[in-house]
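Reading the structure
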Amino acid sequence: MDFKLTEEHIMIRDAARDFAKNELLPGVIERDEKQEFPKEQIKKMGELGFLGMMVSPEYGGGGMDTVSYVLAMEEISKIDASASVVMSVNNSLVCWGLEKFANEEQKQKYLTKLATGESIGAFCLSEPEAGSDATSQRTTAIEKDDHYLLNGTKNWITNGSTADFYLVIAQTDKEKKHKGINAFIVEKGMEGFEIGPKEQKLGIRGSDTHSLNFNDVKVPKENRIGEDGFGFKFAMKTLSGGRIGIAAQALGIAAGAYELAREYSKVRKAFGTEIMNHQAIAFKLADMHTSIEASRHLVMKAACDKDNGENYDLSGAMAKLFASKTAMDVTVEAVQVHGGNGYVKEYHVERLMRDAKITQIYEGTSEIQKIVISRSILRD
Ligand code: CAA
(Lines give C-alpha, C1' and ligand atoms only; values in the text may rest on other atoms or scores of the structure.)
Protein backbone atom coordinates (compact mmCIF):
# COMPACT_ATOMS: atom_id res chain seq x y z
CA MET A 1 0.00 0.00 0.00
CA ASP A 2 1.33 3.43 -0.95
CA PHE A 3 0.98 5.99 1.82
CA LYS A 4 2.93 8.68 -0.03
CA LEU A 5 1.91 12.06 1.29
CA THR A 6 1.05 14.91 -1.06
CA GLU A 7 2.64 18.35 -0.70
CA GLU A 8 -0.58 19.53 0.90
CA HIS A 9 -0.50 16.71 3.47
CA ILE A 10 3.08 17.63 4.37
CA MET A 11 2.14 21.30 4.70
CA ILE A 12 -0.76 20.47 7.04
CA ARG A 13 1.38 18.10 9.12
CA ASP A 14 4.12 20.72 9.44
CA ALA A 15 1.65 23.46 10.34
CA ALA A 16 0.22 21.26 13.12
CA ARG A 17 3.75 20.38 14.29
CA ASP A 18 4.74 24.08 14.47
CA PHE A 19 1.54 25.01 16.24
CA ALA A 20 2.04 22.26 18.82
CA LYS A 21 5.64 23.28 19.51
CA ASN A 22 5.04 27.03 19.58
CA GLU A 23 1.58 27.28 21.13
CA LEU A 24 0.85 24.09 23.04
CA LEU A 25 4.20 23.13 24.53
CA PRO A 26 4.57 26.29 26.62
CA GLY A 27 2.42 25.74 29.70
CA VAL A 28 1.44 22.13 28.96
CA ILE A 29 2.88 20.90 32.29
CA GLU A 30 1.09 23.62 34.28
CA ARG A 31 -2.24 23.04 32.53
CA ASP A 32 -1.97 19.34 33.32
CA GLU A 33 -1.16 20.08 36.96
CA LYS A 34 -4.00 22.59 37.41
CA GLN A 35 -6.49 20.71 35.19
CA GLU A 36 -6.74 23.91 33.15
CA PHE A 37 -8.52 23.91 29.79
CA PRO A 38 -6.31 25.27 26.96
CA LYS A 39 -8.84 27.99 26.14
CA GLU A 40 -6.64 30.41 24.18
CA GLN A 41 -4.93 27.58 22.33
CA ILE A 42 -8.23 25.99 21.30
CA LYS A 43 -9.43 29.38 20.06
CA LYS A 44 -6.31 29.63 17.88
CA MET A 45 -6.81 26.06 16.66
CA GLY A 46 -10.27 27.11 15.50
CA GLU A 47 -8.85 30.15 13.69
CA LEU A 48 -6.27 27.94 11.97
CA GLY A 49 -8.96 25.51 10.82
CA PHE A 50 -8.02 22.54 13.03
CA LEU A 51 -11.51 22.16 14.54
CA GLY A 52 -13.46 21.57 11.35
CA MET A 53 -10.81 20.10 9.09
CA MET A 54 -13.00 17.69 7.12
CA VAL A 55 -16.12 19.85 6.90
CA SER A 56 -16.96 21.18 3.46
CA PRO A 57 -15.97 24.87 2.90
CA GLU A 58 -19.68 25.48 2.23
CA TYR A 59 -20.20 25.14 6.00
CA GLY A 60 -17.00 26.92 7.04
CA GLY A 61 -14.70 23.88 7.18
CA GLY A 62 -11.35 23.09 5.60
CA GLY A 63 -12.66 20.51 3.11
CA MET A 64 -9.68 18.27 3.87
CA ASP A 65 -9.42 14.51 3.77
CA THR A 66 -9.10 12.10 6.69
CA VAL A 67 -5.39 11.57 5.99
CA SER A 68 -4.78 15.30 6.63
CA TYR A 69 -6.82 15.06 9.81
CA VAL A 70 -4.89 12.10 11.25
CA LEU A 71 -1.57 13.74 10.39
CA ALA A 72 -2.59 16.86 12.31
CA MET A 73 -4.02 14.79 15.18
CA GLU A 74 -0.72 12.92 15.52
CA GLU A 75 1.34 16.12 15.70
CA ILE A 76 -0.94 17.86 18.21
CA SER A 77 -1.10 14.69 20.36
CA LYS A 78 2.70 14.39 20.51
CA ILE A 79 2.67 17.53 22.64
CA ASP A 80 -0.77 17.94 24.19
CA ALA A 81 -3.34 15.14 24.21
CA SER A 82 -5.74 17.35 26.18
CA ALA A 83 -5.94 19.73 23.23
CA SER A 84 -6.15 16.89 20.73
CA VAL A 85 -9.16 15.28 22.39
CA VAL A 86 -11.07 18.55 22.02
CA MET A 87 -10.03 18.58 18.37
CA SER A 88 -10.99 14.94 17.92
CA VAL A 89 -14.46 15.21 19.45
CA ASN A 90 -15.27 18.42 17.58
CA ASN A 91 -14.04 17.12 14.20
CA SER A 92 -15.01 13.47 14.19
CA LEU A 93 -17.97 13.10 16.48
CA VAL A 94 -19.74 16.42 16.29
CA CYS A 95 -18.94 18.05 12.92
CA TRP A 96 -18.82 14.80 10.98
CA GLY A 97 -22.07 13.53 12.51
CA LEU A 98 -23.84 16.78 11.69
CA GLU A 99 -22.51 17.15 8.17
CA LYS A 100 -23.42 13.58 7.33
CA PHE A 101 -26.82 13.28 8.98
CA ALA A 102 -28.27 16.67 9.99
CA ASN A 103 -30.69 18.57 7.77
CA GLU A 104 -29.80 21.79 5.98
CA GLU A 105 -31.36 24.03 8.59
CA GLN A 106 -29.44 22.28 11.41
CA LYS A 107 -26.20 22.52 9.44
CA GLN A 108 -26.66 26.25 8.85
CA LYS A 109 -27.54 26.87 12.48
CA TYR A 110 -24.94 24.67 14.20
CA LEU A 111 -22.32 23.18 11.87
CA THR A 112 -21.13 26.50 10.47
CA LYS A 113 -20.23 27.70 13.96
CA LEU A 114 -18.67 24.39 15.04
CA ALA A 115 -16.54 24.01 11.90
CA THR A 116 -14.89 27.40 12.39
CA GLY A 117 -14.35 26.88 16.12
CA GLU A 118 -16.64 29.78 16.98
CA SER A 119 -18.53 27.16 19.00
CA ILE A 120 -17.37 23.87 20.50
CA GLY A 121 -19.35 20.63 20.47
CA ALA A 122 -19.77 17.63 22.76
CA PHE A 123 -20.97 14.09 22.07
CA CYS A 124 -23.12 12.65 24.84
CA LEU A 125 -23.68 8.91 24.72
CA SER A 126 -22.15 7.44 27.91
CA GLU A 127 -24.22 7.20 31.06
CA PRO A 128 -23.55 6.01 34.61
CA GLU A 129 -24.94 2.60 33.56
CA ALA A 130 -24.42 2.66 29.80
CA GLY A 131 -20.79 3.01 28.79
CA SER A 132 -19.80 0.04 26.64
CA ASP A 133 -23.37 -1.22 26.51
CA ALA A 134 -24.62 1.72 24.48
CA THR A 135 -28.10 0.32 23.76
CA SER A 136 -28.99 0.51 27.48
CA GLN A 137 -29.70 4.24 27.46
CA ARG A 138 -31.56 5.46 30.54
CA THR A 139 -31.85 9.08 29.41
CA THR A 140 -35.33 9.51 28.01
CA ALA A 141 -36.77 11.94 25.49
CA ILE A 142 -40.56 11.84 25.54
CA GLU A 143 -42.40 13.35 22.61
CA LYS A 144 -44.83 16.16 23.58
CA ASP A 145 -46.51 18.60 21.17
CA ASP A 146 -43.71 20.53 19.46
CA HIS A 147 -40.82 19.23 21.59
CA TYR A 148 -39.21 16.29 23.39
CA LEU A 149 -38.89 16.32 27.17
CA LEU A 150 -35.36 15.22 28.00
CA ASN A 151 -34.50 13.65 31.37
CA GLY A 152 -31.41 11.81 32.57
CA THR A 153 -27.69 11.95 33.19
CA LYS A 154 -24.69 11.67 30.89
CA ASN A 155 -21.22 10.85 32.17
CA TRP A 156 -17.58 11.54 31.26
CA ILE A 157 -18.50 14.12 28.65
CA THR A 158 -15.50 15.66 26.90
CA ASN A 159 -15.92 19.46 26.48
CA GLY A 160 -18.62 19.11 29.16
CA SER A 161 -18.60 22.74 30.28
CA THR A 162 -16.81 24.40 27.36
CA ALA A 163 -19.17 23.17 24.65
CA ASP A 164 -21.97 25.31 23.28
CA PHE A 165 -23.83 22.52 21.48
CA TYR A 166 -24.31 18.94 22.68
CA LEU A 167 -25.31 15.92 20.60
CA VAL A 168 -27.34 13.92 23.10
CA ILE A 169 -28.42 10.31 22.56
CA ALA A 170 -31.63 9.34 24.37
CA GLN A 171 -34.28 6.64 24.51
CA THR A 172 -37.59 7.74 22.98
CA ASP A 173 -39.32 4.34 23.05
CA LYS A 174 -37.98 1.70 25.44
CA GLU A 175 -39.98 -1.11 23.83
CA LYS A 176 -38.16 -0.65 20.55
CA LYS A 177 -34.72 -1.05 22.22
CA HIS A 178 -31.96 0.35 19.96
CA LYS A 179 -34.54 1.28 17.32
CA GLY A 180 -36.23 3.53 19.90
CA ILE A 181 -33.15 5.73 20.36
CA ASN A 182 -32.74 9.24 18.92
CA ALA A 183 -30.02 11.88 18.75
CA PHE A 184 -30.75 15.53 19.59
CA ILE A 185 -28.92 18.83 19.41
CA VAL A 186 -29.11 20.45 22.84
CA GLU A 187 -27.91 23.99 23.44
CA LYS A 188 -26.09 25.15 26.54
CA GLY A 189 -28.42 27.30 28.60
CA MET A 190 -31.63 25.42 27.77
CA GLU A 191 -33.79 25.40 30.89
CA GLY A 192 -33.24 22.29 33.03
CA PHE A 193 -29.81 21.53 31.53
CA GLU A 194 -27.19 21.44 34.30
CA ILE A 195 -23.47 20.85 34.06
CA GLY A 196 -22.12 18.69 36.89
CA PRO A 197 -18.73 19.04 38.60
CA LYS A 198 -15.49 18.55 36.69
CA GLU A 199 -13.99 15.05 36.88
CA GLN A 200 -10.57 14.75 38.56
CA LYS A 201 -8.69 12.64 36.03
CA LEU A 202 -5.50 10.57 35.75
CA GLY A 203 -4.64 11.94 32.31
CA ILE A 204 -5.76 14.38 29.60
CA ARG A 205 -6.20 16.66 32.60
CA GLY A 206 -6.35 19.86 30.55
CA SER A 207 -9.51 18.62 28.86
CA ASP A 208 -12.79 19.35 30.44
CA THR A 209 -14.81 16.28 31.46
CA HIS A 210 -18.17 16.56 33.25
CA SER A 211 -21.38 14.75 33.93
CA LEU A 212 -24.49 16.46 32.57
CA ASN A 213 -28.00 16.45 34.02
CA PHE A 214 -31.17 16.98 32.05
CA ASN A 215 -34.27 17.78 34.07
CA ASP A 216 -37.34 18.25 31.88
CA VAL A 217 -35.32 20.00 29.18
CA LYS A 218 -37.63 21.00 26.32
CA VAL A 219 -35.79 20.12 23.13
CA PRO A 220 -37.57 21.40 20.00
CA LYS A 221 -38.60 18.64 17.60
CA GLU A 222 -36.56 20.26 14.83
CA ASN A 223 -33.44 19.44 16.88
CA ARG A 224 -33.78 15.69 16.34
CA ILE A 225 -31.15 14.36 13.94
CA GLY A 226 -32.47 12.11 11.15
CA GLU A 227 -35.56 9.94 11.03
CA ASP A 228 -37.29 8.76 14.22
CA GLY A 229 -35.27 5.87 15.71
CA PHE A 230 -32.02 6.71 13.90
CA GLY A 231 -30.10 7.68 17.08
CA PHE A 232 -28.29 4.40 17.75
CA LYS A 233 -27.06 4.04 14.19
CA PHE A 234 -26.11 7.72 14.24
CA ALA A 235 -23.97 7.07 17.34
CA MET A 236 -22.37 3.90 15.96
CA LYS A 237 -21.56 5.37 12.56
CA THR A 238 -20.15 8.51 14.13
CA LEU A 239 -18.06 6.56 16.63
CA SER A 240 -16.62 4.40 13.84
CA GLY A 241 -14.97 7.49 12.35
CA GLY A 242 -14.16 8.87 15.80
CA ARG A 243 -12.08 5.78 16.48
CA ILE A 244 -9.73 6.72 13.63
CA GLY A 245 -9.15 10.08 15.31
CA ILE A 246 -8.45 8.47 18.69
CA ALA A 247 -6.13 5.95 17.01
CA ALA A 248 -4.22 8.94 15.60
CA GLN A 249 -4.19 10.50 19.06
CA ALA A 250 -2.73 7.29 20.53
CA LEU A 251 -0.16 7.20 17.73
CA GLY A 252 0.84 10.78 18.52
CA ILE A 253 1.19 10.11 22.25
CA ALA A 254 3.40 7.09 21.49
CA ALA A 255 5.49 8.96 18.91
CA GLY A 256 5.91 11.95 21.23
CA ALA A 257 7.17 9.75 24.07
CA TYR A 258 9.44 7.77 21.75
CA GLU A 259 11.05 10.93 20.31
CA LEU A 260 11.76 12.22 23.82
CA ALA A 261 13.26 8.87 24.86
CA ARG A 262 15.40 8.64 21.72
CA GLU A 263 16.83 12.14 22.18
CA TYR A 264 17.39 11.56 25.91
CA SER A 265 19.33 8.37 25.13
CA LYS A 266 21.76 10.38 23.00
CA VAL A 267 22.71 12.78 25.81
CA ARG A 268 22.35 10.84 29.04
CA LYS A 269 25.50 9.02 30.02
CA ALA A 270 25.86 5.91 32.21
CA PHE A 271 28.77 3.53 32.61
CA GLY A 272 31.01 5.87 30.63
CA THR A 273 28.91 6.24 27.48
CA GLU A 274 25.61 7.63 26.17
CA ILE A 275 22.87 5.21 27.17
CA MET A 276 21.90 4.64 23.50
CA ASN A 277 25.11 2.63 23.25
CA HIS A 278 23.74 0.06 25.69
CA GLN A 279 21.68 -2.63 24.01
CA ALA A 280 19.25 -2.57 26.93
CA ILE A 281 18.20 0.90 25.73
CA ALA A 282 18.80 0.52 21.99
CA PHE A 283 16.56 -2.58 21.84
CA LYS A 284 13.79 -0.77 23.69
CA LEU A 285 13.98 2.06 21.13
CA ALA A 286 13.93 -0.47 18.28
CA ASP A 287 10.76 -2.07 19.67
CA MET A 288 9.12 1.30 20.26
CA HIS A 289 9.89 2.50 16.74
CA THR A 290 8.59 -0.72 15.18
CA SER A 291 5.27 -0.71 17.01
CA ILE A 292 4.78 3.01 16.24
CA GLU A 293 5.38 2.39 12.53
CA ALA A 294 2.91 -0.53 12.60
CA SER A 295 0.33 1.72 14.31
CA ARG A 296 0.93 4.44 11.73
CA HIS A 297 0.21 1.96 8.92
CA LEU A 298 -3.05 0.89 10.56
CA VAL A 299 -4.11 4.50 11.17
CA MET A 300 -3.32 5.47 7.57
CA LYS A 301 -5.15 2.40 6.23
CA ALA A 302 -8.27 3.34 8.18
CA ALA A 303 -8.02 6.99 7.07
CA CYS A 304 -7.55 5.94 3.43
CA ASP A 305 -10.51 3.53 3.69
CA LYS A 306 -12.67 6.42 4.87
CA ASP A 307 -11.39 8.76 2.15
CA ASN A 308 -11.90 6.11 -0.54
CA GLY A 309 -15.50 5.47 0.50
CA GLU A 310 -14.68 1.97 1.80
CA ASN A 311 -16.12 0.54 5.01
CA TYR A 312 -13.83 1.57 7.88
CA ASP A 313 -15.55 -0.08 10.87
CA LEU A 314 -12.95 -2.87 10.90
CA SER A 315 -9.85 -0.89 9.95
CA GLY A 316 -10.75 1.91 12.40
CA ALA A 317 -11.29 -0.53 15.27
CA MET A 318 -8.01 -2.34 14.50
CA ALA A 319 -6.14 0.96 14.32
CA LYS A 320 -7.56 2.09 17.66
CA LEU A 321 -6.94 -1.26 19.36
CA PHE A 322 -3.34 -1.50 18.22
CA ALA A 323 -2.33 2.17 18.46
CA SER A 324 -3.77 2.54 21.97
CA LYS A 325 -1.87 -0.55 23.20
CA THR A 326 1.23 0.86 21.53
CA ALA A 327 0.68 4.20 23.28
CA MET A 328 0.51 2.47 26.64
CA ASP A 329 3.53 0.19 26.02
CA VAL A 330 5.71 2.88 24.47
CA THR A 331 5.03 5.51 27.12
CA VAL A 332 5.84 3.04 29.92
CA GLU A 333 9.12 2.23 28.17
CA ALA A 334 9.84 5.94 27.57
CA VAL A 335 9.60 6.53 31.31
CA GLN A 336 11.96 3.56 31.86
CA VAL A 337 14.52 4.93 29.38
CA HIS A 338 14.48 8.22 31.31
CA GLY A 339 15.02 6.40 34.64
CA GLY A 340 14.41 8.67 37.65
CA ASN A 341 13.97 11.68 35.35
CA GLY A 342 11.08 9.92 33.66
CA TYR A 343 9.16 10.02 36.91
CA VAL A 344 9.23 13.80 37.22
CA LYS A 345 7.02 16.23 35.36
CA GLU A 346 9.57 18.37 33.54
CA TYR A 347 10.58 15.50 31.23
CA HIS A 348 6.99 15.14 29.88
CA VAL A 349 6.98 11.34 29.55
CA GLU A 350 5.11 10.67 32.80
CA ARG A 351 2.27 12.90 31.52
CA LEU A 352 2.22 11.10 28.18
CA MET A 353 2.05 7.77 30.04
CA ARG A 354 -0.96 8.99 32.03
CA ASP A 355 -2.57 10.42 28.88
CA ALA A 356 -2.06 7.15 26.97
CA LYS A 357 -4.40 5.16 29.21
CA ILE A 358 -7.58 6.94 28.13
CA THR A 359 -7.04 5.89 24.51
CA GLN A 360 -7.76 2.30 25.62
CA ILE A 361 -11.01 3.44 27.25
CA TYR A 362 -12.88 6.18 25.40
CA GLU A 363 -14.77 5.88 22.13
CA GLY A 364 -15.02 2.18 22.96
CA THR A 365 -12.66 0.25 25.25
CA SER A 366 -10.11 -2.14 23.76
CA GLU A 367 -12.57 -4.94 24.55
CA ILE A 368 -15.26 -3.17 22.49
CA GLN A 369 -12.82 -2.86 19.57
CA LYS A 370 -12.29 -6.62 19.81
CA ILE A 371 -16.07 -7.16 19.65
CA VAL A 372 -16.25 -5.00 16.51
CA ILE A 373 -13.23 -6.73 14.94
CA SER A 374 -14.27 -10.30 15.79
CA ARG A 375 -17.83 -9.73 14.56
CA SER A 376 -16.51 -8.32 11.33
CA ILE A 377 -14.02 -11.12 10.63
CA LEU A 378 -16.36 -13.89 11.70
CA ARG A 379 -19.62 -12.70 10.16
CA ASP A 380 -18.49 -11.10 6.87
N1 CAA B 1 -22.57 1.43 11.73
C2 CAA B 1 -23.90 1.33 11.46
N3 CAA B 1 -24.75 0.59 12.19
C4 CAA B 1 -24.23 -0.09 13.23
C5 CAA B 1 -22.86 -0.05 13.56
C6 CAA B 1 -22.03 0.76 12.77
N7 CAA B 1 -20.71 0.87 13.00
N8 CAA B 1 -22.66 -0.84 14.64
C9 CAA B 1 -23.86 -1.37 14.98
N10 CAA B 1 -24.80 -0.90 14.12
C11 CAA B 1 -26.24 -1.24 14.09
C12 CAA B 1 -26.44 -2.72 13.80
O13 CAA B 1 -26.45 -2.98 12.41
C14 CAA B 1 -27.80 -2.96 14.43
O15 CAA B 1 -28.82 -2.48 13.58
P16 CAA B 1 -30.02 -3.46 13.04
O17 CAA B 1 -30.76 -3.93 14.25
O18 CAA B 1 -30.83 -2.59 12.14
O19 CAA B 1 -29.35 -4.58 12.32
C20 CAA B 1 -27.78 -2.03 15.62
O21 CAA B 1 -26.83 -1.01 15.35
C22 CAA B 1 -27.43 -2.74 16.91
O23 CAA B 1 -26.19 -3.32 16.72
P24 CAA B 1 -25.59 -4.46 17.67
O25 CAA B 1 -26.62 -5.53 17.85
O26 CAA B 1 -24.26 -4.83 17.12
O27 CAA B 1 -25.47 -3.67 19.04
P28 CAA B 1 -24.83 -4.12 20.41
O29 CAA B 1 -25.72 -3.72 21.49
O30 CAA B 1 -24.38 -5.53 20.33
O31 CAA B 1 -23.56 -3.12 20.53
C32 CAA B 1 -21.32 -2.37 20.37
C33 CAA B 1 -22.52 -3.04 19.68
C34 CAA B 1 -20.24 -2.38 19.29
C35 CAA B 1 -20.83 -3.11 21.59
C36 CAA B 1 -21.73 -0.92 20.74
O37 CAA B 1 -22.63 -0.89 21.81
C38 CAA B 1 -20.55 -0.02 21.07
O39 CAA B 1 -19.83 0.44 20.16
N40 CAA B 1 -20.32 0.27 22.37
C41 CAA B 1 -19.28 1.20 22.79
C42 CAA B 1 -19.84 2.57 22.89
C43 CAA B 1 -18.76 3.61 22.88
O44 CAA B 1 -17.86 3.60 22.05
N45 CAA B 1 -18.86 4.56 23.80
C46 CAA B 1 -17.95 5.65 23.84
C47 CAA B 1 -18.64 6.88 24.26
S48 CAA B 1 -18.32 8.32 23.33
C49 CAA B 1 -16.82 8.96 23.83
O50 CAA B 1 -16.01 8.33 24.42
C51 CAA B 1 -16.61 10.34 23.37
C52 CAA B 1 -15.62 11.17 24.11
O53 CAA B 1 -16.00 12.01 24.88
C54 CAA B 1 -14.19 11.06 23.80
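The structure under discussion appears in the preceding block.
All of the points below concern the structure found in this document. (Residues numbered from 1 in each chain as written. Predicted model: local features only at pLDDT ≥ 70, side-chain atom pairs only at ≥ 80, totals over all residues. Heavy atoms only, no water.)

1. Considering the site of the ligand
What counts is decided by this rule: We define proximity as follows: a residue is near a molecule or strand when any one of its heavy atoms falls within 4 Å of that partner. Between N or O atoms, a polar contact is any pair within 3.5 Å; within protein, one atom must be a potential hydrogen donor and the other a potential acceptor, and residues adjacent in sequence are included only when both atoms are from side chains. All accessible areas in this document rest on Shrake-Rupley with a 1.4 Å probe, and a residue is counted as covered only by the protein chains that are shown. Helix numbering and strand numbering both begin at the N terminus, where a helix is a DSSP run of H or I of at least 4 residues and a strand a DSSP run of E of at least 2. Residues are grouped as follows: nonpolar covers Ala, Val, Leu, Ile, Met, Phe, Trp, Tyr, Cys and Pro; charged covers Asp, Glu, Lys and Arg; every other residue, Gly included, is treated as polar.
Around the ligand lies a shell of 26 residues, among which S132, T158, H178, E363 and R375 are the nearest. Between the ligand and the protein, one listed contact pairs a nitrogen atom with a side-chain N or O atom of S240 at 3.5 Å. Contacts to the ligand include R243, whose side-chain N or O atom sits 2.9 Å from an oxygen atom. When the free accessible area of the ligand is taken as 1100 Å², the share hidden by the protein chains comes to 75%. When residues of the shell around the ligand are assigned to their parent elements, the largest contribution, seven residues, is made by helix α7 (residues 231-267). Here the shell around the ligand is built from residues that sort into eleven nonpolar, eight polar and seven charged.

2. Comments concerning the nonpolar core
The following threshold applies: For this analysis, a nonpolar core means a set of buried residues of the types Ala, Val, Leu, Ile, Met, Phe, Trp, Tyr and Cys, connected via side-chain atoms within 4.5 Å. Using a 1.4 Å probe on the protein chains alone, a residue whose accessible area is under 20% of its type maximum counts as buried, one over 50% counts as exposed, and one in between counts as partly exposed. We call two residues contacting when some pair of their heavy atoms lies within 4.5 Å.
Core analysis: the largest hydrophobic core is formed by 92 residues, its most contacted members being M45, M87, L98 and F234. Looking at which element gives the most residues to this core, the answer is α7, with 17 residues. Other than its neighbours up to four places away in sequence, M45 contacts F19, F50, L51, I76, A83 and M87. Counting 18 residues, the second-largest nonpolar core is a separate cluster that includes A122, C124, A163 and L212.

3. A word on the packing of aromatic side chains
We apply this condition: Classification of ring pairs rests on two measures: the distance between centres of Phe, Tyr or Trp rings, Trp counted by its six-membered ring, which must be within 6.5 Å, and the angle between planes, read as stacked under 30 degrees, edge-to-face over 60 and tilted in between. Cation placement over rings: the criterion is NZ of Lys or CZ of Arg within 6 Å of the ring centroid and within 35° of the ring normal.
Within the structure shown, the criterion is met by ten aromatic pairs. When the centroid spacing of 5.8 Å and the interplanar angle of 70° are considered together, the rings of F101 and F234 count as edge-to-face. Residue F101 is found in helix α5 (residues 81-101), and its partner F234 is found in helix α7; the two are separated by 133 residues along the sequence. F101 gets classed as buried once you look at its relative accessible area, which sits at 18%. Owing to a relative accessible area of 0%, F234 belongs among the buried residues under this scheme. Site record: aromatic cluster; members linked through ring pairs are W96, F101, F230 and F234. The ring of Y312 carries K306 above its face, with NZ or CZ at 6.0 Å from the centroid.

4. Some points on the environment of A334
Note on placement: A334 falls in helix α9 (residues 313-338). Using a relative accessible area of 0% as the deciding quantity, one classes A334 as buried. In sequence terms A334 and A254 are 80 residues apart; their C-alpha atoms lie 8.9 Å from each other. Contacts of A334, omitting those with residues within four sequence positions, involve A257, A261, M288 and V349.

5. Thoughts on the packing of α7 against helix α10 (residues 349-358)
We count it as follows: Interaxial angle, 0 to 180 degrees, is taken between N-to-C directions of lines fitted to C-alpha atoms, where a helix line uses only the stretch in contact. Orientation is classified from the angle alone, with under 35 degrees giving roughly parallel, over 145 giving roughly antiparallel, 65 to 115 giving roughly perpendicular, and any other angle giving oblique. Whether a crossing is left-handed or right-handed is set by the direction in which the near helix is turned from the far one by less than a right angle, anticlockwise for left-handed and clockwise for right-handed.
Closest axis-to-axis distance for the α7/α10 pair is 10 Å, and the angle between their directions is 160°. In terms of orientation, α7 lies roughly antiparallel with respect to α10. The crossing of α7 and α10 is left-handed. For the pair α7 and α10, contact is made by I253, G256, A257 and L260 and by V349, L352, D355 and A356, respectively. Classifying every residue of the contact of α7 with α10 gives six nonpolar, one polar and one charged.

6. Description of the pattern of salt bridges
Here is the rule we go by: The salt bridge definition used is simple: a Lys or Arg side-chain nitrogen within 4 Å of an Asp or Glu carboxyl oxygen.
Counting across every chain of the model gives 24 salt bridges. The salt bridge partner of K44 is E23, with a shortest N-O separation of 2.9 Å. With K44 in helix α3 (residues 39-47) and E23 in helix α1 (residues 7-24), this residue pair connects regions lying 21 residues apart in the sequence. Given a relative accessible area of 33%, K44 falls into the partly exposed group. With a shortest N-O distance of 4.0 Å, E274 and K269 are connected by a salt bridge. One network of salt bridges, in which partners are shared, links D32, R205, K345, E350 and R354.

7. What about the packing of α9 against helix α11 (residues 366-379)?
How two helices pack is summed up by the angle between their axes together with the distance between the axes. At a closest axis distance of 9 Å, the pairing of α9 and α11 adopts a crossing angle of 145°. Note on packing geometry: the crossing formed by α9 with α11 is left-handed. Where α9 abuts α11, its residues D313, L314, A317, M318, K320, L321 and S324 lie against S366, Q369, K370, V372, I373, S376 and I377. Taken together, the residues that form the contact of α9 with α11 break down as seven nonpolar, four polar and three charged.

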